[in-house]
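Summary of the model geometry
Next come the chains, spelled out residue by residue.
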Amino acid sequence: MATVSFSSPPSFAGDNSGALTSATILRFPPNFVRQLSTKARRNCSNIGVAQIVAAAWSDRPAVPSHCGGGSRARGVSSHAAAASAAASAAAAAEVGAIPNAKLAQPSALALAERALLGSDASLAVHAGERLGRRIATDAITTPVVNTSAYWFSSSQELIDFKEGRHASFEYGRYGNPTTEALEKKMSALEKAESTVFVASGMYASVAMLSTLVPAGGHIVTTTDLYRKTRIYMETELPKRGIKMTVIRPADMDALQEALDNNNVSLFFTETPTNPFLRCIDIELVSKMCHSKGALLCIDSTFASPINQKALTLGADIVVHSATKYIAGHNDVIGGCISGRDELVSKNASYLILRGMKTLHLRVQCQNNTALRMAQFLEEHPKIARVYYPGLPSHPEHHIAKSQMTGFGGVVSFEVNGDFDSTRKFIDSVKIPYHAPSFGGCESIIDQPAIMSYWDSKEQRDIYGIKDNLIRFSVGVEDFEDLKNDIGQALDKI
């Protein structure tokens, strides 16, 4: 039976040893796609939303831009292109065993698209669509393709397909043009070689953990983490003999100790984290993990690829909850992974594609509003503490400034009051919806002690979830309207 060990370093000790050069991760870890295909079907069901993006293909650091068009996309270096070409030969035998598998490298069309579309703003609108889709249409918007199989015009075309001279999805389980356009768009934004979408975030996390952490293995994660993911780790991984070490997000000494004393397969963490928005130095931890042969998976949901590109900083895998900022309209669940039987629906792909065309506009607006809201709350006499990476008071503000181009649209804070007064505040707001989730056009607010931890006072105490904690996801409403609404609600407590 696995044990969960909690380190006991100083609380919220932000440790940063300086900048490191970005690692170039050229493709999925060996056998990753094949294992996901098998294990996702066996171990996963529709329980959340996310995507896994793997394999950075560029090794040049990001150049942030303060223009309205978003951060400038990273170009393709000659080193990365040459290395990617060399890697394809080694990958061919591995990939060849997978029906209709794609080589883990960007195609010539993808490279041309990324050269043409130089900013995140343009990529969000056009990537995966503008320079060609596997759909015969002159429609501007990528249509929904509802089919379970794809036909061949002749026996010779079928033979050409079988021998690699003709491109086809062949069968719905192996791919869909609508979903493919979505995956290409996400790959372009994350600077990834491949993106695979699945039905839920928990689906993606479970499949990723099942694939990359072997039976009897060891995983390291952080105290501040989406609770359902942690529950899965604590209850299901021990059944496979997997041990887990839990550290505080900023405790690099505890991470190093775990790596030194255990055969760690994977370090899995969010940054910023949920709900306290702690920030992990991705370059630093990737160097630490890789030196010990461990992989690094970053859940970048709270940042979005507009604000943070973890692969370019050395992460091996990135997970996003596509329900949140990616789709952005609180109307769809979808994500990415190689689980063939439960792939995200074509209609979900269409809706996420639709949402991603305004991703840069929404995120920039939410960045701005959240920062102003955090500053307003930090100065309010009825607020005890504000958690937001954009504030100098945040323990990892220096890390956030170094690896993010914006600080996200979620602000967590503690009101001066007890459980009942906090609940009264929540019930007094008029504009934000009282609901789970975040990252949509509509503002959403919740009290984690009720929304996420109502069934376990012990868990609240362990992870610092106080009765007066609020998580506030700002939407795209006017800042003054939101400020006035929060202000009137605070006046009632």
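Analysis parameters
- Residues numbered from 1 in each chain as written.
- Predicted model: local features only at pLDDT ≥ 70, side-chain atom pairs only at ≥ 80, totals over all residues.
- Heavy atoms only, no water.
- Axes fitted to C-alpha atoms, helices over the stretch in contact; angles between N-to-C directions.
- Helix = DSSP H or I, 4+ residues; strand = E, 2+ residues; numbered from the N terminus.
- Parallel < 35°, antiparallel > 145°, perpendicular 65-115°, else oblique.
- Left-handed = near helix turned anticlockwise from the far one by under 90°.
- Contact = heavy atoms within 4.5 Å.
- Nonpolar A, V, L, I, M, F, W, Y, C, P; charged D, E, K, R; others polar.
- pLDDT = per-residue confidence, 0-100.
- Buried < 20%, exposed > 50% of the residue type's maximum accessible area, 1.4 Å probe, protein only.
- Pairing = 2+ DSSP bridges.
- Core = buried A, V, L, I, M, F, W, Y, C linked by side-chain atoms within 4.5 Å.
- Expected span 1.5 Å × (residues − 1).
- Polar contact = N/O pair within 3.5 Å; in protein donor to acceptor, adjacent residues only side chain to side chain.
- Phe/Tyr/Trp six-rings, centres within 6.5 Å; stacked < 30°, edge-to-face > 60°.
- Lys NZ or Arg CZ within 6 Å of the ring centre and 35° of its normal.
- Salt bridge = Lys/Arg side-chain N within 4 Å of Asp/Glu carboxyl O.

Here we look at the packing of helix α9 (residues 252–261) against helix α10 (residues 282–291)
Two packed helices can be described by the angle between their axes and the distance between those axes. α10 packs onto α9 with a crossing angle of 15 degrees between their chain directions and a minimal axis gap of 10 Å. Classified by the interaxial angle, the pair formed by α9 and α10 is roughly parallel. Crossing hand, α9 versus α10: right-handed. Judged by residue contacts, Met-252, Leu-255, Gln-256 and Leu-259 of α9 engage Leu-284, Val-285, Met-288 and Cys-289 from α10. A per-class count over the contact of α9 with α10 returns 7 nonpolar, 1 polar and no charged.

Focus on the confidence of the model for the protein chain
Regions with low pLDDT carry predicted coordinates that are not meant to be interpreted in detail. Mean pLDDT over the protein chain stands at 76; residues scoring 70 or higher make up 75%. For the stretch residues 1–105, pLDDT sits under 50, and the model shows 272 contacts to residues farther than four places along the chain or on other chains. Note on residues 338–344: pLDDT under 50 across the span, and 34 contacts to partners over four residues away in sequence or across chains.

Quick notes on the pairing of strand β10 (residues 410–415)
Most of β10 is tucked away, with 6 of its 6 residues classed as buried. Pairing of β10 with strand β13 (residues 469–473) involves 5 bridges; the strand directions are antiparallel. Note on β13: the bridge partner recorded for Glu-414 is Leu-469.

Things to note about the nonpolar core
Counting 56 residues, the largest nonpolar core has Ile-352, Leu-377, Val-386, Tyr-388, Phe-413, Phe-425 and Ile-486 as its most contacted members. Looking at which element gives the most residues to this core, the answer is helix α14 (residues 359–378), with 6 residues. Filtering out sequence-adjacent residues up to four positions away, Ile-486 remains in contact with Met-373, Phe-376, Leu-377, Phe-425, Val-429, Ile-445 and Phe-472. If you look at the next biggest cluster of nonpolar residues, it comprises 24 residues, including Leu-255, Val-264, Phe-267 and Ile-282.

As for helix α19 (residues 479–491)
Taking 1.5 Å of rise per residue, 13 residues should cover 18 Å, and α19 covers 18 Å from first to last C-alpha, within 8% of that figure. Those residues of α19 lying buried are Phe-479, Leu-482, Asp-485, Ile-486, Gly-487, Ala-489 and Leu-490. Where α19 is buried, its residues touch α14, β9 (383–387), β10, α16 (419–428), β12 (444–446) and β13. One side-chain oxygen at the N-terminal end of α19 lies 3.0 Å from the backbone nitrogen of Glu-480; it belongs to Asp-478.

Considering the sheet that holds β12
Across the sheet, which stays open at both edges, the 5 strands sit in the order β9-β10-β13-β12-β11 with mixed pairing between neighbours. Two strands lie at the open edges of the sheet, namely β9 and β11 (433–434), each paired on one side alone. Judged from the 4 bridges that link them, β9 and β10 form a sheet pairing that is antiparallel. Across the sheet, the residue bridging to Ile-383 is Val-415, located in β10. Strands β10, β11, β12 and β13 of the sheet are contacted by α16, whose axis makes an angle of about 20 degrees with β13.

Thoughts on the packing of aromatic side chains
All told, the structure shown has 9 aromatic pairs when counted by the stated rule. Members of the aromatic cluster, joined through ring pairs, are Phe-302, Tyr-325 and Phe-438. Over the ring of Tyr-463 we find Arg-230; its NZ or CZ atom is 3.4 Å from the centre of that ring.

Section: the pattern of salt bridges
Here the structure, examined in full by the defined rule, presents 16 salt bridges. Between Asp-446 and Arg-471 there is a salt bridge, with the nearest N and O atoms lying 3.5 Å from each other. Placement of Asp-446 in strand β12 and of Arg-471 in strand β13 is noted, with a sequence separation of 25 residues between them. Ionic pairing is found between Arg-460 and Asp-467, a salt bridge with its closest N-O pair at 3.9 Å. Residue classification places Arg-460 among the buried positions, given a relative accessible area of 9%. For Asp-467, a relative accessible area of 28% corresponds to the partly exposed category.

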